[in-house]
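Structure assessment
One letter stands for each residue in the lines below.
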Amino acid sequence: MGVVFAATPSEEKSPSCHLGLDELSLYTTPQPKMHYVEPPVGHLEHGVTTARHASQPYLTWAQGGYGRLKPKVDSAVQMGKDGYVYLQNPPPEFYPRAGVIGFAGILGLFLARGSRWKKLVYPSGLMAVGASVYYPQQASEIAKATGDAIYDWALQAYVSMEQLVKPAPKPPKDKAEKSPKEETKA
């Protein structure tokens, strides 16, 4: 749709009237009296407007999610690239160590017959023990950070349970207010 200009009828002079040579200007043109007329809203424009207004909250939500998710995906991609570069030229003892740690995980799966809990704990526990044998410094740092996090969670749980179990303190009574029994005795 384009812009529509409409000319208004001129009331100054009628076209039958002749101008003299002195009244004609060689360098200026008369200004036409036009005004902008808004085109009527069609069915298509109304439908597009309705669809845009209906989808606005969902698009805003998706943009916010994308903004939060993009840095995490970028860091995961960068971690994958770094791992690929590391595996292109690994240290000489890397593959034997990785083999022992992987074998510990498979052994854990073999030993954990029965419950699902065992199938989760045994392989991860044996792999952690195998990794701590080869990487003791990193294992101690991870154990310390994990221990601190578990302590914080336990402390938060204790405080929450204490607030649930312990009754709320009653507000103290004012000395100015007397009970009805005390008023009758006086």
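Sequence order as written defines the numbering, with residues in each chain counted from 1. Reporting of local features is limited, given that this is a predicted model, to residues whose pLDDT is at least 70; pairs of side-chain atoms are given and counted only at 80 or more, and all residues count toward the totals for whole chains, interfaces and linings. Excluding hydrogens and water, the side-chain figures rest on all heavy atoms present in the structure.

**Things to note about helix α3 (residues 116-134)**
Going by this rule: Helical segments are the DSSP runs of H or I of at least four residues, strand segments are the runs of E of at least two, and each set is numbered from the N terminus. By definition here, a helix of n residues has an expected span of 1.5 Å times n minus one. Contacts described as polar in this section are N or O atom pairs within 3.5 Å, which, within protein, must combine one atom able to donate a hydrogen with one able to accept it, while residues neighboring in sequence count only if both atoms come from side chains.
Here α3 spans 28 Å end to end across 19 residues, near enough to the 27 Å set by a 1.5 Å rise per residue. For α3, the side-chain oxygen to backbone nitrogen distance between the N-cap and Trp117 is 3.4 Å, and the N-cap itself is Ser115.

**Focus: the packing of aromatic side chains**
Ring pairs (aromatic) are described by centroid distance and by the angle formed between their planes. What counts here: Centre distance within 6.5 Å is the pairing criterion for rings of Phe, Tyr and Trp, where only the six-membered ring of Trp is used; planes under 30 degrees apart are then read as stacked, over 60 as edge-to-face, and the remainder as tilted. Note on geometry: a ring has a charge over it if NZ (lysine) or CZ (arginine) is within 6 Å of the ring centre and within 35 degrees of the ring normal.
Considering all chains together, one arrives at 2 aromatic pairs under this definition. An angle of 70° between the planes, with centres 5.3 Å apart, marks the rings of Phe94 and Tyr95 as edge-to-face. Among the aromatic side chains, those forming a connected cluster through ring pairs are Tyr86, Phe94 and Tyr95. The ring of Tyr135 carries the charged tip of Arg97 above its face, separated from the ring centre by 5.3 Å.

**Comments concerning the pattern of salt bridges**
Keep this limit in mind: Should a side-chain nitrogen of Lys or Arg be within 4 Å of a carboxyl oxygen of Asp or Glu, the pair is scored as a salt bridge. Type-normalised accessible area, obtained with a 1.4 Å probe on protein chains alone, sets the label of each residue: buried when under 20%, exposed when over 50%, and partly exposed for intermediate values.
Per the stated rule, a full pass over the model turns up 3 salt bridges. Taking the shortest distance from any N to any O, the salt bridge between Asp74 and Lys70 comes out at 3.0 Å. One end of the pair, Asp74, and the other, Lys70, are both in helix α1 (residues 43-88), 4 residues apart, so they sit about a helical turn from each other. On the basis of relative accessible area, Asp74 is assigned to the partly exposed category, the value being 39%. The class for Lys70 is partly exposed, based on a relative accessible area of 36%. Between Glu93 and Arg97 there is a salt bridge; the shortest N-O distance is 3.0 Å. Its relative accessible area of 48% is what places Glu93 among the partly exposed residues. We classify Arg97 as partly exposed; its relative accessible area is 22%.

**Considering a nonpolar patch on the surface**
As a reminder of what qualifies: Patch criteria: residues need more than 30% relative accessible area and no salt bridge. Like-charged residues are merged within 9 Å; nonpolar side chains of Val, Leu, Ile, Met, Phe, Trp and Tyr are merged within 5 Å. Throughout, the Shrake-Rupley method with a 1.4 Å probe supplies accessible areas, and for residues the shown protein chains are the sole cover considered.
On the surface, Phe103, Leu107, Phe110, Leu111, Trp117, Leu120, Val121 and Tyr122 cluster together into a nonpolar patch covering about 860 Å² of accessible area. Looking at the nonpolar patch, the elements with two or more residues in it are α2 (94-111) and α3. Tracing the backbone through its elements, the reader meets Leu111 in helix α2.

**Considerations on α2**
Keep this limit in mind: Directions drawn from the helix axis to the C-beta atoms are what define this arc. Contacts are residue-level and defined by heavy atoms, with any inter-residue pair within 4.5 Å sufficient.
Taking 1.5 Å per residue, 18 residues should reach 26 Å; α2 reaches 26 Å between its end C-alpha atoms and fits that length. Turning to α2, its buried residues number three or more, namely Phe94, Ile101, Ala104, Gly105 and Gly108. One side of α2 holds all its buried residues, which, seen down the axis, span an arc of 100°. In this structure, α2 carries Tyr95, Pro96, Phe103, Ile106 and Phe110 as exposed residues pointing more than 90 degrees from its buried face. Where α2 is buried, its residues contact α1 and α3.

**Comments concerning the confidence of the model for the chain**
Note the cut-off: pLDDT expresses, on a scale from 0 to 100, how confident the predictor is about each individual residue.
On average, the chain scores 83 in pLDDT, and the residues at 70 or more come to 78%. Mean pLDDT across the secondary structure elements of the chain bottoms out at helix α5 (residues 180-185), with 56, and peaks at α1, with 93.

**Comments concerning the packing of α2 against α3**
The test is simple: In this description, a line fitted to the C-alpha atoms serves as the axis of each element, helices being fitted only across the stretch in contact, and the angle between N-to-C directions of two axes falls anywhere from 0 to 180 degrees. Each angle gets one of four labels, with under 35 degrees taken as roughly parallel, over 145 as roughly antiparallel, 65 to 115 as roughly perpendicular, and the rest as oblique. Should the near helix be turned anticlockwise from the far one by less than a right angle, the crossing is termed left-handed; should it be turned clockwise, right-handed. Polar here means any residue outside two lists: the nonpolar Ala, Val, Leu, Ile, Met, Phe, Trp, Tyr, Cys and Pro, and the charged Asp, Glu, Lys and Arg; Gly therefore counts as polar.
Their axes nearest at 7 Å, the elements α2 and α3 cross at an angle of 155°. As judged from the angle between their axes, α2 and α3 are roughly antiparallel. Remark: the crossing between α2 and α3 carries right-handed chirality. Together, Arg97, Val100, Ile101, Ala104, Gly105, Leu107, Gly108, Leu109 and Leu111 of α2 and Lys119, Tyr122, Pro123, Leu126, Met127, Gly130, Ala131 and Tyr134 of α3 make up the contact between the two elements. Here the contact of α2 with α3 is built from residues that sort into 12 nonpolar, 3 polar and 2 charged.

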